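Close look at the chain arrangement
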Amino acid sequence: MQNDTQLLNDTLVSKSLSAADYVPTLDAMLARTLERIDLKKRQGLRTPDELWIVDHNDVYTLGQAGKEEHILQRTDTPIIKTDRGGQVTWHGHGQLVLYWLFDLDSLKWSVRNLVSHAEQAIEDVINDCLRSSPSSSDNISAHARRDAPGVYLYADTAATDDSTSTDDNSLDNKIMLGKMASLGFKIKHGFSYHGIAINLNCDLSSFNAINPCGYAGMQMLRLSDFVAMQTDSEQTEPEAQTEQQMSDLFSYETVTQKLIDNIAKRHAGLIELRAIAPK
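Report on the accompanying structure. (Residues numbered from 1 in each chain as written. Predicted model: local features only at pLDDT ≥ 70, side-chain atom pairs only at ≥ 80, totals over all residues. Heavy atoms only, no water.)

What about the packing of aromatic side chains?
A complete count under the given rule lists four aromatic pairs for this structure. Every member of this aromatic cluster is reached through a ring pair, and the members are W100, F102, W109 and F185. Above the ring of W52, the side-chain terminus of K15 is found at 4.1 Å from the ring centroid. R145 extends its terminal NZ or CZ atom over the ring of Y152, reaching a point 4.9 Å from the ring centre. (Phe/Tyr/Trp six-rings, centres within 6.5 Å; stacked < 30°, edge-to-face > 60°. Lys NZ or Arg CZ within 6 Å of the ring centre and 35° of its normal.)

This is the structure:
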């Protein structure tokens, strides 16, 4: 498991973990959170917040109140009980996982703020990719839902006219295609950990063995089915593509960097929350 740490701003660092097994990653995340809590309580120290960018080895995780009935089929992939919110989900290669180890009190964020910043950061990046890709459809966009945490793709079902809502947050005249990103946080003494998972170019078949996030029949989506993304071979053999072809493709790394940049700006107060869409 490789570890690379970078300073994003005065109070935020990023930490990248590749080929990471779930249990030791969770143990390290909890230990760091408890250490930060102790330093703040005993010495009044504000330690830098941390954003962990993780490439997990295949695993199913079941939330603290998760029901095993949502595991439909037992496979060779480990099933780990964890302490985050939510039901069962899958993590693995080709999925981007970011853990938010944030001091919410110092940021003056409520838990609702945390969830909304996470969802809106994902919305920003996915919609930017959809708008920028020549292969994407103009009528597809990413939105959060008040009734079910996460970010989903929607397709417009009607052309804009005088009766159509102009509110970007409105889901009127849209049909949900499926879910692309999941959220699950844990808050301890005002500190958050766990975070978000976005399907970029992973194998979605692993979700067939579960009810994703506890929703039977939930269609899981990945970004690479909606925008042009580099395959592993194209990243290792760029000479196989023309310069124009390569410039039109997103990579796992470029999407990851977009999201890191967006989150860092939110953490620094440079991106404010948008109004939350009604249920």
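Having seen the structure, we can now continue with the description.
Focus on the nonpolar core
Counting residues in hydrophobic clusters, the biggest one holds 43 residues, and the most contacted among them are L98, W100, I126 and I196. Of the residues forming this core, the biggest block, nine residues, is contributed by helix α3 (residues 111-132). Contacts of I126, omitting those with residues within four sequence positions, involve A142, V151, L153, M180, I198 and L223. Within the second largest apolar cluster, 15 residues are counted, among which are Y154, F207, I210 and M218. (Core = buried A, V, L, I, M, F, W, Y, C linked by side-chain atoms within 4.5 Å. Buried < 20%, exposed > 50% of the residue type's maximum accessible area, 1.4 Å probe, protein only. Helix = DSSP H or I, 4+ residues; strand = E, 2+ residues; numbered from the N terminus. Contact = heavy atoms within 4.5 Å.)

Regarding the sheet that holds strand β6 (residues 88-91)
The strand order across the open sheet built from three strands is β5-β4-β6, with neighbouring strands paired in mixed fashion. In this open sheet, the two strands that pair with only one neighbour each are β5 (79-81) and β6. Across this sheet, the average inter-strand angle for adjacent strands is 30°, counted without regard to direction. Alignment of strand β4 (residues 59-62) against β5, held across three bridges, turns out to be parallel. Across the sheet, Y60 pairs through a bridge with I79, a residue of β5. (Pairing = 2+ DSSP bridges. Axes fitted to C-alpha atoms, helices over the stretch in contact; angles between N-to-C directions.)

Observations concerning the pairing of β6
The alternating pattern of β6 places V88 and W90 on one face and T89 and H91 on the opposite face, and all of these are buried. Relative to β6, β4 runs antiparallel, the two sharing four bridges. The residue bridging L62 from the neighbouring strand is V88, located in β6.

Notes on unusual backbone geometry
Despite not being glycine, H189 has its phi angle at roughly 50°, a positive value. Along the chain, H189 turns up in the loop between β10 (174-188) and β11 (191-199). A positive phi angle, near 65°, is found at H194, a position not held by glycine. Structurally, the position occupied by H194 is in strand β11.

Just geometry here; none of it tells us what the structure is for.
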